[in-house]
Amino acid sequence: MPLVTDANDLPNTEANMQWGGRFAAGPSVIMQEINASIGFDRKMWRQDIAGSRAHAAMLARQGIIAQDDAASITAGLDQITAEIEAGRFPFTTDLEDIHMNIEARLTDRIGEAGKRLHTGRSRNDQVATDFRLWVRDAIDGIDGQIADVMRVLAARAAEHAADPMPGFTHLQTAQPVTFGHHMLAYVEMLARDRGRLADCRRRLNECPLGSAALAGTSFPLDRDMTAHALGFDRPTANSLDAVSDRDFALEFLSASAISSMHLSRLAEEIIIWCSAPYGFIRLSDAFTTGSSIMPQKRNPDAAELVRAKTGRVTGALVGLLTVMKGLPLAYAKDMQEDKEPVFDAADAWTLSLAATAGMVRDMTPNLARLREFAGSGFATATDLADWLVRVLKLPFRTAHHVTGRLVALAEGRGVDLAGLSLADMQGVEPGITQEIFGVLTVEASVASRVSYGGTAPANVAKQARRWTEALA
Ligand code: ARG
């Protein structure tokens, strides 16, 4: 039997042992090549074995197969587990997929009893079950990883709750914020990502096993038993839907696309922040590479790749949506194309989360430079306008206009707002007093943003603490 990795140009002359009863000759090489999924679905071997164990135990409990047969099946599956773990399992494309590879091996090892395992089951409900289990495991792992990234961000936020940096809109200096506040913005995004995963997991957690090919089965299965044995909340309620639904994969991919977009935005900021004209942060050698020609270079490759991997993750979502959109009920082989995008997106997401946690932990903010630019570009102009409203009771629109004139005046002189004299200010608005200079500093600006969710250091420290406790 040729291995999956081998180039296999000889026609297969033997009919398939799993479904070959009606087939005199074997499939052509090309048929085999396009049909086989073992090259990728072997990733689900643990889930496949878990599903078979649950199914066999249930068949025996229901008196559908003998207890002895169930015991040999379980023992055989133990041996197969050991073989796969040891890298000694003879995966073959002749047997198309992970389900038939394992079942055939089982029969090789335990004989007749192995042939009873597939009673009341089809590969259609089997693959739907295996894949749900795989996605559920992926969700649990990735959820933990997102929590890790959130913990790192919250720690950096606590550390820099009071350190000012420029806040941007349109990537133009807008108002000063704190570095901690900026970190916590990403914590909020990632918290929503976890919410999406939890939501996906809740809907995913119904067991298709027992739906058989599409119509259910005449055997007296106990679907609650297999569902609970596999950690599902309940069996699925419609066999046609159960074997042809891949919403759980699509929801996983859409959660991954949104989360990757978040990671990409942070990566983009990291890239901008560590470019020399900005110089807001520095990444160590651990997360940068040099250039083969320009000795001064320190390139943020990890961040760039996190940004780029968003492309393949989003592509996976669009790809699977496109596969699914035209399929009549119930199962169609098209659905075998569901796994690679999900595996690929999960890998990309996992790696991106690890790299993000590493970079956030690694980066050193240049606090002096962040402080300097926090006050540049008339960043406290809104504070000036707010003072005119609060103290002189000017309508905000009027205050905005007065401030605009002061900014123009300062710009003409080449100074910032605090560089104007009181007389200059009073030339524009006679009511202005010396007190106004108190609101023009970066520190006063950030400290004044005490509205719930605002950037005031006390707020930020409190939010950082809240997240650190919630994630402990
Ligand atoms: N390898 C197949 C898949 O991934 C398993 C289900 C095959 N079912 C069938 N009726 N051919 O979808």
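No experiment lies behind these values; they were computed from the predicted model shown.

Engineer: What is the right way to read the packing of aromatic side chains from this model?
Structural biologist: Within a pair of aromatic rings, the relevant descriptors are the distance that separates the centres and the angle that separates the planes. Under the criterion given, the structure shown has 9 aromatic pairs. On the numbers, 6.3 Å between centres and 85° between planes, the contact of Phe131 with Phe343 is edge-to-face. Here Phe343 lies in helix 13 (residues 339-362) and Phe131 lies in helix 7 (residues 123-159), a separation of 212 residues in the sequence. Assigned by exposure class, Phe131 and Phe343 land together as buried. Site record: aromatic cluster; members linked through ring pairs are Phe131, Trp134, Phe248 and Phe343. Between Arg42 and the ring centre of Phe91, over which it is positioned, the NZ or CZ distance is 4.0 Å. A cation over an aromatic ring shows up here: Arg466 above the ring of Trp467, its NZ or CZ 4.7 Å from the ring centre.

Engineer: Where do I start with the pairing of strand 2 (residues 172-178) in this structure?
Structural biologist: Bridge analysis of strand 1 (residues 164-169) against strand 2 gives 6 bridges, and the strand direction is antiparallel. Paired with Met165 across the bridge in strand 2 is Val177. Hairpin connection between strand 1 and strand 2: a loop of 2 residues separates the two successive antiparallel strands, and His170 in this loop has a positive phi of roughly 55°.

Engineer: Explain unusual backbone geometry to me, please; I cannot follow it from the model alone.
Structural biologist: With an omega of 0°, the peptide bond running from Leu329 to Ala330 counts as cis. Its location among the elements puts Ala330 in the loop between helix 12 (301-324) and helix 13. Even without being a glycine, Ala212 presents a positive backbone phi close to 55°. Its location among the elements puts Ala212 in the loop between strand 3 (206-207) and helix 9 (223-229). Residue classification places Ala212 among the buried residues on the basis of a relative accessible area of 8%.

Scoring rules and cut-offs
- Residues numbered from 1 in each chain as written.
- Predicted model: local features only at pLDDT ≥ 70, side-chain atom pairs only at ≥ 80, totals over all residues.
- Heavy atoms only, no water.
- Phe/Tyr/Trp six-rings, centres within 6.5 Å; stacked < 30°, edge-to-face > 60°.
- Helix = DSSP H or I, 4+ residues; strand = E, 2+ residues; numbered from the N terminus.
- Buried < 20%, exposed > 50% of the residue type's maximum accessible area, 1.4 Å probe, protein only.
- Lys NZ or Arg CZ within 6 Å of the ring centre and 35° of its normal.
- Pairing = 2+ DSSP bridges.

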